[in-house]
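Listed below, chain by chain, are the residues.
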Amino acid sequence: MNLNIDLHSHSAQSDGALRPSEVAARAHERGVDCWALSDHDALSGLPEAAAAAAALGMRFIAGVEVSVTHQATTVHVLGLNIDPDYVPLRDGLRGIRAARHVRARRLAARLEECGVPGALEGALREVNNPDLIGRVHFARFLVQSGVCQSLREAFERFLGDGRKACVPVAGASLEEAVGWIRGAGGKAVIAHPARYRCKPAQRKALFGAFKDLGGQGIEVVTPSHTPDQCRQYARLAREYDFEASCGSDFHAPGAGRADLGGLSALPDGLTPIWRGWGVDPSF
Ligand code: AMP
Ligand code: MN
Ligand code: MN
Ligand code: MN
């Protein structure tokens, strides 16, 4: 029997739309057997998520998606099966959340230069967790205030990578992120590797550095990948001896490319990241 495993999702504790318990219920309804919540730079949704999953009889994996700055590029590193009480991880993420507030002020100043005043106050009205502000909250403000018709337009005109109001988060170093995750007993996984705008040689350098630091996996099955990219990253996982992960990167009903639990199976010949977790009797 193939288990339905979804190890990447967001709640309103970062930039998702639903409460952690609502994400749990939706995952369960959609047939997920093993689910991870992995909010951006935040652990605060995990207790509610774990309790909701337990009540539904669904296996839960504590996760987080850490913002990393590596050679001037933002890279997302998932920490999966972490101990959310590990103090260096908690402290490190608190630092990134503080950097997000500094970034939000700069982002608002850029929007002001683009003729959109009041964006910081506006974005802060859109956050559910006052401790975590990101581009999606600015996008929601741009829609709410009628500047843009859709979140998509907000990213295309202002907030997307390389657009006028895109200010990167000052994230952790790759070494810090992998160290915190491994210290917390988790596995470190490069999220949606095809999404980073870098040349193949830089991607190889990233994979090499990540491997040397103790990174264990890459996401192979993600809605960010085309079927070709899925095959390509499956090959790279075998080449680098990375374990493979899969996740929907769910943020909100009806938004984005995939919903919870709607993923295809891992390609053959890969070691799943959940090996050793007692999730799947074949691993
Ligand atoms: P941040 O970590 O604050 O830079 O925000 C990154 C988040 O913005 C991603 O996790 C997505 O939720 C969202 N995002 C980034 N690019 C886009 C895009 N082009 N369209 C819609 N959402 C996006
Ligand atoms: Mn997001
Ligand atoms: Mn991401
Ligand atoms: Mn994500």
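No experiment lies behind these values; they were computed from the predicted model shown.

### Quick notes on the overall build of the protein chain
Point 1. In terms of helices and strands, the protein chain carries 9 helices and 7 strands.
Point 2. A globule of 283 residues ought to have a C-alpha radius of gyration of about 19 Å, and the protein chain, at 18 Å, matches this closely.
Point 3. Its C-alpha atoms put the protein chain at 55 × 45 × 40 Å along the principal axes.
Point 4. With 283 residues in all, the protein chain has 53% of them scored as buried.
Point 5. Of the contacts made within the protein chain by residues no fewer than 6 positions apart, 72% connect residues no fewer than 24 positions apart.
Point 6. Carbon and sulfur atoms make up 49% of the accessible area of the protein chain, which amounts to about 12,500 Å² in all.

### Description of the nonpolar core
Point 1. The biggest cluster of nonpolar side chains holds 69 residues, and the ones touching the most others in it are Leu7, Trp35 and Val66.
Point 2. Beyond its immediate chain neighbours, meaning those up to four positions away, Val66 contacts Asp41, Val75, His76, Val77, Leu93, Ile96, Ala172, Ala177, Trp180 and Ile181.
Point 3. By size, the runner-up hydrophobic cluster in this structure holds 20 residues, among which are Ala108, Leu111, Val127 and Cys148.

### A word on the pairing of strand S5 (residues 187-190)
Point 1. Alternating positions in S5 separate into two faces, Lys187 and Val189 on one and Ala188 and Ile190 on the other, with burial throughout.
Point 2. Relative to S5, strand S4 (residues 73-80) is paired through 4 bridges, and the arrangement is antiparallel. Pairing of Leu80 across the sheet is with Lys187, part of S5.
Point 3. Judged from the 2 bridges that link them, S5 and strand S6 (residues 217-221) form a sheet pairing that is parallel. Considered in S6, the bridge of Val189 is made with Gly217.
Point 4. In this region the chain leaves S5, passes through helix H8 (residues 200-213) and returns to the parallel neighbour S6; the handedness of that crossover is right-handed.

### Describing the packing of aromatic side chains
For any pair of aromatic rings, geometry is given as the distance between the ring centres together with the angle between the planes.
Point 1. Inspection of every chain in the model, using the stated rule, returns 6 aromatic pairs.
Point 2. Judged by centre distance (5.7 Å) and plane angle (50°), the ring pair of Phe210 and Phe242 falls under tilted. In this pair, Phe210 sits in helix H8 while Phe242 sits in the loop between helix H9 (227-240) and strand S7 (243-246), placing the two residues 32 residues apart along the sequence. Assigned by exposure class, Phe210 and Phe242 land together as buried.
Point 3. Taken together through their ring pairs, the aromatic side chains of Phe207, Phe210, Tyr233, Tyr240 and Phe242 make up a single cluster.

### Points about the coordination of the manganese ion (ligand 2)
Tetrahedral coordination by four donors places them ideally at 109.5 degrees to one another around the metal; octahedral coordination by six donors ideally gives 90 or 180 degrees.
Point 1. Ligation of the manganese ion (ligand 2) by protein atoms is provided by Asp15 (OD), Asp15 (OD), His40 (NE2) and His251 (NE2), these donors lying 2.2 to 2.7 Å from the ion.
Point 2. Ordering the donors of the manganese ion (ligand 2) by residue number gives the pattern D-x24-H-x210-H.
Point 3. For the pair the manganese ion (ligand 2) and the manganese ion (ligand 3), the metal-to-metal distance amounts to 5.9 Å. Residue Asp15 is found in the loop between strand S1 (5-6) and helix H1 (20-29), and its partner His251 is found in the segment after S7; the two are separated by 236 residues along the sequence.
Point 4. Residue classification places Asp15 among the buried positions, given a relative accessible area of 13%.
Point 5. Residue class for His251 comes out partly exposed when judged on its relative accessible area of 22%.

### Considering the coordination of the manganese ion (ligand 3)
Point 1. Note on the manganese ion (ligand 3): its protein donors are Glu65 (OE), His76 (ND1) and His192 (NE2). The metal-donor distances range over 2.1 to 2.2 Å.
Point 2. In primary sequence terms, the donor set of the manganese ion (ligand 3) follows E-x10-H-x115-H.

### Observations concerning the site of ligand 1
Point 1. Ligand 1 sits among Asp15, His40, Arg100, Arg103, Gly134, Arg135, Val136, Phe155 and His251.
Point 2. Take Asp15: an N or O atom from its side chain is 3.2 Å from an oxygen atom of ligand 1.
Point 3. Here an oxygen atom of ligand 1 and a side-chain polar atom of His251 are 3.0 Å apart.
Point 4. Protein contacts shield 73% of the accessible area of ligand 1, which totals 500 Å² for the unbound molecule.

The rules behind these values
Residues numbered from 1 in each chain as written. Chains lettered and ligands numbered in written order. Predicted model: local features only at pLDDT ≥ 70, side-chain atom pairs only at ≥ 80, totals over all residues. Heavy atoms only, no water. Helix = DSSP H or I, 4+ residues; strand = E, 2+ residues; numbered from the N terminus. Rg over C-alpha atoms; globule rule 2.2 N^0.38 Å. Buried < 20%, exposed > 50% of the residue type's maximum accessible area, 1.4 Å probe, protein only. Contact = heavy atoms within 4.5 Å. Areas by Shrake-Rupley, 256 points an atom, 1.4 Å probe, with all protein chains shown as cover. Core = buried A, V, L, I, M, F, W, Y, C linked by side-chain atoms within 4.5 Å. Pairing = 2+ DSSP bridges. Right-handed = clockwise from strand over helix to strand, strands pointing away. Phe/Tyr/Trp six-rings, centres within 6.5 Å; stacked < 30°, edge-to-face > 60°. Donors = N, O, S within 2.8 Å, 3.2 Å for Na, K, Ca; no water. Near = heavy atom within 4 Å. Polar contact = N/O pair within 3.5 Å; in protein donor to acceptor, adjacent residues only side chain to side chain.

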